[in-house]
Protein chains: 2
Amino acid sequence: MLPTTPLMTSEFSDLQVFMAERRQRVDDAIRQSLPSRHSPSARLTEAMAYAALGGGKRIRPLLVYAACELAGGSAEQADVAAAAIELLHTYSLVHDDLPAMDDDDLRRGRATCHRAYDEATAILAGDTLHTLAFELLASAGNYSPIQRVELIQTLCQAAGAEGMAAGQMQDMQAERQLLTLAALEEMHYLKTGRLITAALKMGITASGCNDVSLASAVEEYGDRIGLAFQIQDDILDVVGCADALGKSSGADEKLGKSTFPGLIGLEASRQRARQLCDQACAAISDRAPPNSPLLTLARYIIERQH
Amino acid sequence: MLPTTPLMTSEFSDLQVFMAERRQRVDDAIRQSLPSRHSPSARLTEAMAYAALGGGKRIRPLLVYAACELAGGSAEQADVAAAAIELLHTYSLVHDDLPAMDDDDLRRGRATCHRAYDEATAILAGDTLHTLAFELLASAGNYSPIQRVELIQTLCQAAGAEGMAAGQMQDMQAERQLLTLAALEEMHYLKTGRLITAALKMGITASGCNDVSLASAVEEYGDRIGLAFQIQDDILDVVGCADALGKSSGADEKLGKSTFPGLIGLEASRQRARQLCDQACAAISDRAPPNSPLLTLARYIIERQH
């Protein structure tokens, strides 16, 4: 197993280039997919763009690109899948931020959608971003109908009542309750992990590659870094500052939510994140060249400060 | 053009049989599609079933069946498309009823989803019904990948930011404003008409029939009865009673919404609904046999009392 070492300057700078270029691509693809200003409701269109183009780490799209390119596909082949999963993720953020859910005022360094507009508009903007994710995949001319159907299935299964939304429901029900570590891990696996693994699977599908063993290695990688990502999120909620995070820090504690640092302490949380990162990289070490963005992304995920 | 005559007893009884049988089919298909009780969130699964299996006229599924069968397809071929569009419609009802939107307490004769559960659960149940509609279509083994992609495209385009959701946004913005008749018609075309026409188009796609002129005739029928359906809804909101409607009557007036009876009076609204019904039937008169459920459904839509 590869020991986790901090990213070296040269690795970090390669990763920065990869991230900047692919973020630009996915932003362009999202921008092109949004309805025009001449659509029947300018307010709705505006709110969709506000939520979808307001920055963000774009982790899921980056994973789509990295997996697609590892499987021999081009960045161009990954564009639509990357945009679709980010639209889906954005809808979930808009709805999770609503007063009846996490009641957040700040997201990606700006007012949340329902604060910038109003609740009804935010509910509808989330709904239309949700629909748009599937419309984009169903209409993607550079994928075969079979690929499109597979991409939609993967995204639905990860997002729906047996995935992300069930995780959010568990999260709501767990407020003011102390979860066991196993329950906390299940909740995060559903809420975050399922979509992260879906991103990787969608990258492979978008590439047109049918290598089952590669897909399975990349999915194992996804399961590990999905959890590592969430542990780092919990750590940053304790030690981060709102300016860098772009959202309120200490929000978990305010809502009485169980967190990894709360359950096992800060140092053990950091160790667990590093261990998961090592396991993720080991899962793909036979298939990924040493400079693969997947390997550096795994370390970025546990080293990031926002 | 066929003059609208009230449904005769024999026609009505044939239609009753058609409606009862097809409603049973679509309820079975919806029930089978819902996640099991062993899914990660029992509460979410329960709320989805509460919303999706709580009765309702099932107008959109009935139109899917009628169009599919007119195009030479079987009821079995229509099942999944019918279930998917009803799940999509149900998600929109759950979200439209929320306090930040229409704030309704009663739907289909029972407490609305957020009253029976809570707001967060209703938002998530709507979201998961939305995802499930597309998952169902993407996974439908009895359609080819091309058919599945077409069905998803049709449903997305009708439901999204240039369709149903834009209509709901216009509806929210129009509260306490007097709309022109043209603006009212556009709003209803988006909010209700687009999905009704999509139901018919999906029925044709599900049948496997590629007859473009039939599809276009049936879509014209859909555009007319979609508006007729909404006019009758407005009429019932004025003259109906809550017991028969299964939702609050007088709700439009309470919210200061523009309605057809409010703008042009009750009698002119009835005349307009009859005229649209005649035009709808005329659009398909060359293709539909006299006993086609589409012809009787059009009259049912403007004669129904709930």
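Computed from a predicted model, the values in this text were never measured in an experiment.

Bringing the overall build of chain A into the picture now. Helix and strand counts for chain A come out as 15 helices and two strands. Computed over C-alpha atoms, the radius of gyration of chain A comes to 18 Å, within 12% of the 19 Å expected from 2.2 N^0.38 for 306 residues, which places it in the range of a compact globule. A burial count over chain A gives 55% of its 306 residues as buried. Here the analysis covers contacts within chain A between residues at least 6 apart in sequence; of these, 75% occur between residues at least 24 apart.

Parts of the prediction with low pLDDT should not have their coordinates interpreted in detail. This prediction gives chain A a mean pLDDT of 93; 95% of its residues lie at or above 70. On the interface metric, ipTM, the complex scores 0.94, and its pTM is 0.95.

Related by rotation about an axis and a shift along that axis, the two copies of the chain form a pair. Expressed as a screw transformation, the operator carrying chain A onto chain B has a rotation angle of 180 degrees and an axial translation of 0.0 Å, and the superposed copies differ by an RMSD of 0.0 Å. As the rotation angle and translation indicate, the two copies are arranged about a two-fold axis. Taking C-alpha positions as the reference, the residue of chain A nearest the rotation axis is A:Pro145, at 2.7 Å. Comparing interface residues between copies, 100% of those in chain A also sit at the interface in chain B, which points to an isologous, same-surface contact.

This part is about the environment of B:Pro289. Residues and elements named next belong to chain B. Tracing the backbone shows Pro289 in the loop between helix H14 (266-284) and helix H15 (293-303). Residue classification places Pro289 among the exposed residues on the basis of 8 C-beta atoms within 10 Å. Measuring from C-alpha to C-alpha, the distance between Pro289 and Ala111 comes to 41 Å, with 178 residues separating the pair along the chain.

So, about the nonpolar core. Soluble globular proteins tend to pack their nonpolar side chains together in the buried interior. If you look at the biggest cluster of nonpolar residues, it comprises 198 residues, and the most contacted ones within it are A:Val64, A:Leu155, B:Val64 and B:Leu155. In contact with A:Leu155, not counting residues within four places along its chain, are A:Ala84, A:Ile85, A:Leu88, A:Ala133, A:Ala198 and A:Met202.

Taken together, the contact between chain A and chain B spans 45 residues of the former and 45 residues of the latter. Counting residues per element, the ones that place at least two in the side of chain A that touches chain B are helix H2 (42-52), helix H6 (119-138), helix H7 (145-159) and helix H8 (164-174) of chain A. Considering each element in turn, the side of chain A that touches chain B owes the most residues, 12 residues, to H6(A). Here the residues of the side of chain A that touches chain B sort into 25 nonpolar, 14 polar and six charged.

Now for helix H4 (residues 75-96) of chain B. Residue and element names in this part refer to chain B. If you check H4, its first and last C-alpha atoms are 30 Å apart, about what 22 residues at 1.5 Å a residue would give, namely 32 Å. Bending of H4 peaks at approximately 25 degrees at the position of Ala81. A large share of H4 lies buried, amounting to 20 of its 22 residues.

The subject of this paragraph is the environment of A:Ser213. Residues and elements named next belong to chain A. Note on placement: Ser213 falls in helix H10 (residues 212-239). Ser213 gets classed as exposed once you count the C-beta atoms within 10 Å, which come to 9. C-alpha separation for the pair Ser213 and Glu11, spaced 202 residues apart in sequence, amounts to 27 Å.

For the rest of this paragraph, the subject is H2(A). Listed as buried for H2(A) are A:Leu44, A:Thr45, A:Ala47, A:Met48, A:Ala51 and A:Ala52. Down the axis, H2(A) shows its buried residues gathered within 165 degrees of arc, on one side only. Close packing links the buried residues of H2(A) with helix H1 (9-33), helix H4 (75-96), helix H5 (113-116) and H6 of chain A together with helix H8 (164-173) of chain B.

It is worth spelling out the packing of H8(A) against helix H9 (residues 181-207) of chain A at this point. Residue and element names in this part refer to chain A. It is at 7 Å that the axes of H8 and H9 come closest, and there the two elements cross at 150 degrees. Along this stretch, H8 crosses H9, giving a crossing that reads as left-handed. Side by side, H8 and H9 meet where Met164, Ala166, Gly167, Gln168, Gln170, Asp171 and Ala174 of the first sit next to Met187, His188, Leu190, Lys191, Arg194 and Leu195 of the second. Looking at the contact of H8 with H9, its residues break down into six nonpolar, four polar and three charged.

Structurally, B:Leu155 can be placed in helix H7 (residues 145-159). For the pair B:Leu155 and B:Gln230, spaced 75 residues apart in sequence, the C-alpha to C-alpha distance is 19 Å.

This part takes up unusual backbone geometry. All names here are of chain A. Located in the positive-phi region is Arg108, a residue other than glycine, with phi close to 50 degrees. By the secondary structure assignment, Arg108 is in the loop between strand S1 (106-107) and strand S2 (110-111). The class of Arg108 is partly exposed, set by 18 C-beta atoms lying within 10 Å.

What counts and what doesn't
- Residues numbered from 1 in each chain as written.
- Chains lettered and ligands numbered in written order.
- Predicted model: local features only at pLDDT ≥ 70, side-chain atom pairs only at ≥ 80, totals over all residues.
- Helix = DSSP H or I, 4+ residues; strand = E, 2+ residues; numbered from the N terminus.
- Rg over C-alpha atoms; globule rule 2.2 N^0.38 Å.
- Buried ≥ 20, exposed ≤ 12 C-beta atoms within 10 Å, placed from the backbone.
- Contact = placed C-beta atoms within 7 Å.
- pLDDT = per-residue confidence, 0-100.
- Least-squares fit on C-alpha atoms with pLDDT ≥ 70 in both.
- Core = buried A, V, L, I, M, F, W, Y, C linked by C-beta atoms within 7 Å.
- Nonpolar A, V, L, I, M, F, W, Y, C, P; charged D, E, K, R; others polar.
- Expected span 1.5 Å × (residues − 1).
- Bend = angle between axes of the 7 residues up to and from the residue.
- Arc of directions from axis to C-beta.
- Axes fitted to C-alpha atoms, helices over the stretch in contact; angles between N-to-C directions.
- Left-handed = near helix turned anticlockwise from the far one by under 90°.

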